[in-house]
Amino acid sequence: DTGVSQDPRHKITKRGQNVTFRCDPISEHNRLYWYRQTLGQGPEFLTYFQNEAQLEKSRLLSDRFSAERPKGSFSTLEIQRTEQGDSAMYLCASSPNSGTSGGTYNEQFFGPGTRLTVL
Amino acid sequence: QKEVEQDPGPLSVPEGAIVSLNCTYSNSAFQYFMWYRQYSRKGPELLMYTYSSGNKEDGRFTAQVDKSSKYISLFIRDSQPSDSATYLCASGGNNRLAFGKGNQVVVIP
């Protein structure tokens, strides 16, 4: 399967615990995005990377959230001191190269998501 | 005001009917317009992608964008029970996408 993959698919944790999610983008894509989706809502942008550089962060990304993409390949999203309001589906997406190489660099392909439940 | 507004009401149609879905957006800088299909507890699947105004057709699906009125539409012809899903419109510039809330569509056999 050459699509975006995410791990784990489900995570149940107790309030106050730290959790970390992983995303593996489509291999030739250099842009990687994180979104959060709650029930009955569309995905909300959290942050995005171009290669290893984190270029934009949403106001939704509080200081308890941190994302990394150390070698420009996979990415991790960590939530520290989880709260019940963090319960949501965390989605990762990737898009093709931008700039002179062409391609449609905002054509974002999503992974299956990690469903987080904070008890 | 959200950047992309999509009336989230559910929609039930008989098999074979035309499904019509609409969104509006507010950010004039948005250049890219997408429709995603999402099945329950799954990630969104890119269905249609358009750049700038105009129509794009792919099989039974037609996407329309009118930048003058900031209006995005999706039409599904000859709807099938397998089309039952939530449809999300999205729009963006060079970076993030802003999504509507989604429309749950049920196609009744």
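Everything below is about the structure shown above.
Residues numbered from 1 in each chain as written. Chains lettered and ligands numbered in written order. Predicted model: local features only at pLDDT ≥ 70, side-chain atom pairs only at ≥ 80, totals over all residues. Heavy atoms only, no water.

(A) Structural view of the pattern of salt bridges. Within this structure, the stated rule accounts for eight salt bridges over all chains. Arg64(A) is paired through a salt bridge with Glu83(A); the nearest N and O atoms lie 3.4 Å apart. With Arg64(A) in the loop between β6 (53–57) and β7 (65–68) and Glu83(A) in the loop between β8 (75–79) and β9 (88–95), the pair connects residues that are 19 residues apart, well separated along the chain. Looking at Arg64(A), the relative accessible area reads 10%, which means it is buried. The salt bridge involving Arg37(B) is made with Glu45(B); its shortest N-O contact spans 3.1 Å. Its relative accessible area of 35% is what places Glu45(B) among the partly exposed residues. (Salt bridge = Lys/Arg side-chain N within 4 Å of Asp/Glu carboxyl O. Helix = DSSP H or I, 4+ residues; strand = E, 2+ residues; numbered from the N terminus. Buried < 20%, exposed > 50% of the residue type's maximum accessible area, 1.4 Å probe, protein only.)

(B) The sheet that holds strand β1 (residues 4–5) of chain B, seen in detail. Residues and elements named next belong to chain B. As summarised here, the arrangement of the five strands in space is β1-β3-β8-β7-β6, forming an open sheet in which the pairing is antiparallel. Every other strand in the sheet has two partners, leaving β1 and β6 (54–58) as the edge strands with one partner each. Sheet topology places β6 next to strand β7 (residues 61–66); five bridges connect them, and they run antiparallel. Paired with Gly54 across the two strands is Val65, which belongs to β7. (Pairing = 2+ DSSP bridges.)

(C) How the structure looks around the state of the cysteines. By the definition in use, this model includes two disulfides over all chains. Cys23(A) shares a disulfide with Cys92(A); S-S distance 1.8 Å. Looking along the S-S bond of the Cys23(A)-Cys92(A) disulfide, the torsion reads about -70°, which is the left-handed sense. Linking Cys23(A) in strand β3 (residues 19–24) with Cys92(A) in strand β9, this pair joins segments that are 69 residues apart in sequence. Of the two residues, Cys23(A) and Cys92(A), neither departs from the other in class, the shared state being buried. In this model Cys23(B) forms its disulfide with Cys89(B); the gap between the sulfur atoms is 1.8 Å. Negative torsions about the S-S bond denote left-handed disulfides, and the value of about -100° found for Cys23(B) with Cys89(B) makes this one left-handed. (Disulfide = S-S within 2.5 Å.)

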